[in-house]
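Below, each chain spelled out in residue letters.
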Amino acid sequence: MKLSSRLSLALIAATLAMHATSSSAQTQTGPPPIRVAIVGLVHGHAQGLLGALPHNPNVTLVGIAEPQTALAASYEKKFHLDHALFYTDTETMLNAVHPQAVLVYTNILDHRKVIELAARHGISSMVEKPLATTLADALAIRNTAAEHHVQVLVNYETTWYASNNEAIHEAAGGKLGDLRKAVIHDGHNGPQEIGVGPEFLTWLTDPALNGAGALFDFGCYGADLITVLMHGQPPLSVTAVAQTDKPALYPHVDDDATIILRYPSAQAVLMPSWDWPFGRKDMELYGATGYAITVAENNLRVRYAAQPQESTITAPPLPPERSNSLDYLAAVLRGNIQPGNDLSSLDTNLVVMQILDAARTSAKTGRTVELQPLKSPQ
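Residues numbered from 1 in each chain as written. Predicted model: local features only at pLDDT ≥ 70, side-chain atom pairs only at ≥ 80, totals over all residues. Heavy atoms only, no water.

## Here's the deal with the overall build of the chain
Then, in step 1: Within the chain, the secondary structure is distributed over 14 helices and 15 strands.
Then, in step 2: In terms of principal-axis extent, the alpha carbons of the chain reach across some 95 × 55 × 45 Å.
Then, in step 3: Total accessible area on the chain is roughly 17,600 Å²; 55% of this is exposed by carbon and sulfur atoms. (Helix = DSSP H or I, 4+ residues; strand = E, 2+ residues; numbered from the N terminus. Areas by Shrake-Rupley, 256 points an atom, 1.4 Å probe, with all protein chains shown as cover.)

## Quick notes on the environment of valine 36
Then, in step 1: Tracing the sequence through the fold places valine 36 in strand 1 (residues 34-39).
Then, in step 2: Overall, the relative accessible area of 0% leaves valine 36 in the buried class.
Then, in step 3: Placed 22 residues apart in sequence, valine 36 and asparagine 58 show a C-alpha to C-alpha distance of 10 Å.
Then, in step 4: When sequence neighbours within four positions are dropped, the list of residues in contact with valine 36 reads Leu53, Val59, Thr60, Leu61, Val62, Gly63, Pro99, Ala101, Leu103 and Leu329. (Buried < 20%, exposed > 50% of the residue type's maximum accessible area, 1.4 Å probe, protein only. Contact = heavy atoms within 4.5 Å.)

## Some remarks on the sheet that holds strand 6 (residues 152-155)
Then, in step 1: In space, the 6 strands of this open sheet follow the order 3-2-1-4-5-6, with parallel pairing throughout. Edge positions in the sheet fall to strand 3 (86-87) and strand 6, since each of these pairs with one other strand and no more.
Then, in step 2: Pairing analysis gives 6 bridges linking strand 1 to strand 2 (residues 59-65), with the strands arranged parallel. In the strand pairing of strand 2, alanine 37 is matched with glycine 63. (Pairing = 2+ DSSP bridges.)

## Some thoughts on the sheet that holds strand 13 (residues 299-303)
Then, in step 1: With mixed pairing, 9 strands are arranged side by side in an open sheet as 14-13-12-11-7-10-9-8-15. Because the sheet does not close on itself, it has two edges, and the strands there are strand 14 (311-314) and strand 15 (369-370).
Then, in step 2: Of the pairings in the sheet, the one linking strand 7 (residues 179-187) to strand 10 (residues 266-273) comprises 7 bridges and is parallel in character. Of the residues in strand 10, the one forming a bridge with glycine 187 is serine 273.
Then, in step 3: Across the sheet, helix 7 (residues 162-172) lies against strand 11 (280-287), strand 12 (291-295), strand 13 and strand 14, angled at about 30° from strand 13, the strand it touches most. (Axes fitted to C-alpha atoms, helices over the stretch in contact; angles between N-to-C directions.)

## Remarks on unusual backbone geometry
Negative phi is the rule for most residues except glycine; trans is the rule for most peptide bonds.
Then, in step 1: In this model, lysine 129 is joined to proline 130 through a cis peptide bond whose omega is -15°.
Then, in step 2: The topology assignment puts proline 130 in the loop between strand 5 (124-128) and helix 6 (135-148).
Then, in step 3: Its identity as a non-glycine residue notwithstanding, histidine 80 has a phi of 55°, on the positive side.
Then, in step 4: Judged by relative accessible area, histidine 80 falls into the exposed class, the value being 73%.
Then, in step 5: Phi at histidine 231 is positive, roughly 55°, even though this residue is not glycine.

## Section: the pattern of salt bridges
Then, in step 1: Using the criterion set out here, one finds 12 salt bridges in the structure.
Then, in step 2: Note that glutamate 370 and arginine 262 form a salt bridge whose closest N and O atoms lie 3.5 Å from each other. Here arginine 262 lies in strand 9 (residues 256-263) and glutamate 370 lies in strand 15, a separation of 108 residues in the sequence.
Then, in step 3: Residue glutamate 370 is classed as exposed on the basis of its relative accessible area, which comes to 53%.
Then, in step 4: Taking relative accessible area as the criterion, arginine 262 reaches 38% and is therefore assigned partly exposed.
Then, in step 5: What you see here is one network of salt bridges that share partners, running through Arg112, Glu116 and Asp137. (Salt bridge = Lys/Arg side-chain N within 4 Å of Asp/Glu carboxyl O.)

## So, the side chain of serine 325
Then, in step 1: If you trace the backbone, serine 325 turns up in helix 13 (residues 325-333).
Then, in step 2: Look at serine 325 and you get buried, because its relative accessible area is 12%.
Then, in step 3: Excluding anything up to four places from it in sequence, serine 325 contacts Met126, Asn155 and Trp160.

## Thoughts on helix 13
Then, in step 1: Most of helix 13 is tucked away: 8 of the 9 residues are buried.
Then, in step 2: Among all positions in helix 13, only Ser325, Leu326, Asp327, Tyr328, Leu329, Ala330, Ala331 and Val332 are buried.
Then, in step 3: Residues of helix 13 that are buried in the fold lie against strand 1, helix 2 (46-52), strand 2, strand 4 (101-104), strand 5 and strand 6.
Then, in step 4: For helix 13, the side-chain oxygen to backbone nitrogen distance between the N-cap and leucine 326 is 3.1 Å, and the N-cap itself is asparagine 324. (Polar contact = N/O pair within 3.5 Å; in protein donor to acceptor, adjacent residues only side chain to side chain.)

## Points about the side chain of threonine 158
Then, in step 1: Checked against the element boundaries, threonine 158 lands in the loop between strand 6 and helix 7.
Then, in step 2: Residue threonine 158 is classed as buried on the basis of its relative accessible area, which comes to 2%.
Then, in step 3: If we ignore the near neighbours within four places in the chain, the residues touching threonine 158 are Asn164, Asp186, Tyr221 and Lys281.

## Some thoughts on the packing of aromatic side chains
Then, in step 1: Across all of its chains, the model carries 7 aromatic pairs by this definition.
Then, in step 2: Both rings, one in phenylalanine 218 and one in tyrosine 221, keep their centres 5.7 Å apart while their planes meet at 25°; by these two values the pair is stacked. Both residues of the pair, phenylalanine 218 and tyrosine 221, belong to the buried class.
Then, in step 3: Centroid distance tyrosine 250 to tryptophan 274: 5.0 Å. Interplanar angle 55°. Geometry classified as tilted. With tyrosine 250 in the loop between strand 8 (237-243) and strand 9 and tryptophan 274 in the loop between strand 10 and strand 11, this pair connects stretches of sequence that are 24 residues apart. Of the two residues examined, tyrosine 250 and tryptophan 274, each falls in the buried class.
Then, in step 4: A cation sits over an aromatic face here: arginine 280 above tryptophan 276, 4.5 Å from the ring centre. (Phe/Tyr/Trp six-rings, centres within 6.5 Å; stacked < 30°, edge-to-face > 60°. Lys NZ or Arg CZ within 6 Å of the ring centre and 35° of its normal.)

Next up, the structure:
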């Protein structure tokens, strides 16, 4: 073969290779994954998180901070994790791996400390519900987020229920008429009864570390949903009762509560409990012309004006970026979603903390607590 022919073939091959590389790059859709780190493993929901992380292309795990080495070792073994991911100190981890967000699975009291530490590094946070143990801590978190220009988001399992989102959509769109009453049930038959791990149970049943018992653990779900339904406005008043029906198991915290919220033209009844005979998370919305009752994650029982009887419908599927916490977090950090007053936003969860804080006070004092809208930060 002549030299000129060999050169021509080489040039063609090089051109084809460049074209293939360019085409391959173009077919890789989307930006690089968000770098996330986990802080704490004492919250049992961390197990679900670590089950989901490897299968989500929008995030990549770069570190885990957990001071209890035995607990960390158990997670390393169970989820076949690289030992190099683990640190015993949060700030050391942040300096080493530079995540864009931390996923916080500590006790609730430590949320503020972790959020403030991450914010000083310019890192956003997503915490497990609720936001904090006190309204004072929640307000401090708001100030931190504003000062350091970071996102603070709150993850609730029920945020990713298509049934809840459809019920909210129907109420907001006027399909039920003016909303008059909401009744929201959340809970199970108790953390000990369902077998949560000792590292989880220890703080879950400590009022200092968890804020309360079932009142906070499950009351936050209903407070979150009703706050979005009420477009971010706090109730006029909060009245709550809480009791311990199983003192041998839960001597220091309530295991059952009822919270009544009064709005200008509606009421909400939140029913958090560790005393249900089975796990449940469902919501009933009653308007002037119809009602919607959620059934598990995807269905609703509905009846509208002029209909002779109720029917069961399937909620439309959620868009991917609003179907789970990790895709939602990635969308927020990429600027594709503005949290505003949605279920995970900081603004919504400040009102949630107003409700929980007032409910705890009401249950202790036996008095109704009047609320005012929170003042904007100075």
